[in-house]
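Examination of the molecular architecture
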Amino acid sequence: MHVDTFFTQLWQDYIQITPQAEQIKKLFEATDSTVINDHVAFRTFANTPLQLDNLEPLILAMGYERQDSYDFKAKKLRAHSYIHANPDVPKIFVSELLTEQLSEPVQQILAKYMAQIEAKPLDQSVFWSGRHWDMPSYDEYRQVMAESEYGAWLLAIGVRVNHFTVSVNHLSSTDCIRDVLNRVKEAGYAVNTVGGEVKGSPASLLEQGSTLADRQEFQFADGSVQQIPTCFYEFAKRHADAQGVVYQGFIEANADKIFESTNAAA
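An unreviewed UniProt entry lists the protein chain under the name 2-oxoadipate dioxygenase/decarboxylase, with Balneatrix alpica as the source organism. In its Cofactor (unreviewed entry) section, the UniProt record describing the protein chain reads: "Fe(2+)". UniProt, in the comment section headed Sequence similarities (unreviewed entry), describes the protein chain in these words: "Belongs to the 2-oxoadipate dioxygenase/decarboxylase family."

Spelled out as structure tokens, the structure:
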């Protein structure tokens, strides 16, 4: 699949459960001729046919190379980031939940659903394929959430992009991420305040902020209809190092807080 087709398909899936993103994009398009996407991110379960190692070849096939690897010990995740040969193409960040590190009761819940994932050839459409398992009961969702918000989100939402990211560097109206977040708040959208509205600093070469996830009603297996977090919109400002090279990587401490944009209690 051509990378442009990939991102077009991805955006269409994303705005179905993240209507705020389309509205915020239009907000900036009113003052900026183009809104550039810095990166997208995905979540998956380790030790399944959808594990990170099985998704990576699909990304590499679109002209990417692995950029770096990350370990989020507290959240029991590992991740890779990918960068394209064309610097204008958005970066990709994929993480997976290390389910074997969770408690036995939560492992048992997840194992029941992970066993439903069919081992079959994959193509890039897997990145907007949703759940490959039945919807859990609301009680199961809450049990998983008590231990891993990430795991509960993934169990209910499935494999879908969890955010796109506005590149503040490419905005013509401002180059300040605080200005961007203030504009988003003034338009009526809540932002993630975990670790401060702006995560990172110019000294770390990357500043990030995000909205709180949209919420949407889902019917759980027990018939319960609940409004739960879906996806969010991020904003990133990249700074140049002493040699004048703009930083293109990711920072674990920032990403750790950005993950919390989908927390149900946020």
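With that out of the way, let us pick up the nonpolar core. Within the largest apolar cluster, 75 residues are counted, with the highest numbers of intra-cluster contacts made by Phe7, Leu10, Ile92, Phe127, Tyr233 and Phe235. Here this core takes 8 residues from helix H1 (residues 3–17), the largest share from any one element. When neighbours within four sequence positions are excluded, Phe7 is seen to be in contact with Asn37, Val40, Tyr64, Val89, Pro90, Ile92 and Phe164.

Quick look at the pattern of salt bridges now. When charged atoms on two side chains of opposite charge get close, those side chains can pair. Tallied over the entire structure, the rule returns 10 salt bridges. Residue Arg238 pairs with Asp38 through a salt bridge whose shortest N-O separation is 2.8 Å. With Arg238 in strand S10 (residues 232–238) and Asp38 in the loop between helix H2 (19–29) and strand S1 (39–45), this residue pair connects regions lying 200 residues apart in the sequence. Residues participating in the shared-partner salt-bridge network are Asp38, Lys91 and Arg238.

Relative to the assigned elements, Gln208 resides in strand S7 (residues 206–210). Residue Gln208 is classed as buried on the basis of its relative accessible area, which comes to 3%. At a separation of 2.6 Å, a polar atom in the side chain of Gln208 contacts the side chain of Glu234.

Its location among the elements puts Pro57 in helix H3 (residues 52–60). When its relative accessible area of 44% is taken as the criterion, Pro57 is described as partly exposed. Note: C-alpha distance between Pro57 and Gln124 (67 residues apart in sequence) is 9.6 Å.

On to the packing of helix H5 (residues 138–147) against helix H6 (residues 149–157), then. For any two helices packed against each other, one specifies the inter-axial angle together with the distance between the axes. One can describe the packing of H5 onto H6 by two numbers: an axis separation of 6 Å at closest approach and a directional angle of 150 degrees. Overall, the two elements H5 and H6 adopt an arrangement that is roughly antiparallel. Contacts between H5 and H6 involve Tyr141, Val144, Met145 and Glu147 on the former and, on the latter, Glu149, Gly151, Ala152, Trp153, Leu155 and Ala156. Split by residue class, the contact of H5 with H6 holds 7 nonpolar, 1 polar and 2 charged.

Quick look at the pairing of strand S8 (residues 215–219) now. The pairing of S8 with strand S9 (residues 225–229) spans 5 bridges and is classified as antiparallel. Following the sheet pairing, Arg215 is matched in S9 by Pro229.

Right, let's get into H1. An α-helix turns once per 3.6 residues; consequently, residues spaced three or four apart project the same way. If you check H1, its first and last C-alpha atoms are 22 Å apart, about what 15 residues at 1.5 Å a residue would give, namely 21 Å. Among the residues of H1, Val3, Phe6, Phe7, Leu10, Trp11, Asp13, Tyr14, Ile15 and Ile17 are the ones counted as buried.

We now examine the pairing of strand S5 (residues 163–167). With 5 of its 5 residues buried, S5 lies for the most part within the structure. Pairing of S5 with S10, which is carried by 5 bridges, proceeds in the parallel orientation. Bridged to Val166 within S10 is Phe235.

Rules used in this analysis
- Residues numbered from 1 in each chain as written.
- Predicted model: local features only at pLDDT ≥ 70, side-chain atom pairs only at ≥ 80, totals over all residues.
- Heavy atoms only, no water.
- UniProt positions renumbered as here; feature names shortened; annotations may be inferred.
- Core = buried A, V, L, I, M, F, W, Y, C linked by side-chain atoms within 4.5 Å.
- Buried < 20%, exposed > 50% of the residue type's maximum accessible area, 1.4 Å probe, protein only.
- Helix = DSSP H or I, 4+ residues; strand = E, 2+ residues; numbered from the N terminus.
- Contact = heavy atoms within 4.5 Å.
- Salt bridge = Lys/Arg side-chain N within 4 Å of Asp/Glu carboxyl O.
- Polar contact = N/O pair within 3.5 Å; in protein donor to acceptor, adjacent residues only side chain to side chain.
- Axes fitted to C-alpha atoms, helices over the stretch in contact; angles between N-to-C directions.
- Parallel < 35°, antiparallel > 145°, perpendicular 65-115°, else oblique.
- Nonpolar A, V, L, I, M, F, W, Y, C, P; charged D, E, K, R; others polar.
- Pairing = 2+ DSSP bridges.
- Expected span 1.5 Å × (residues − 1).

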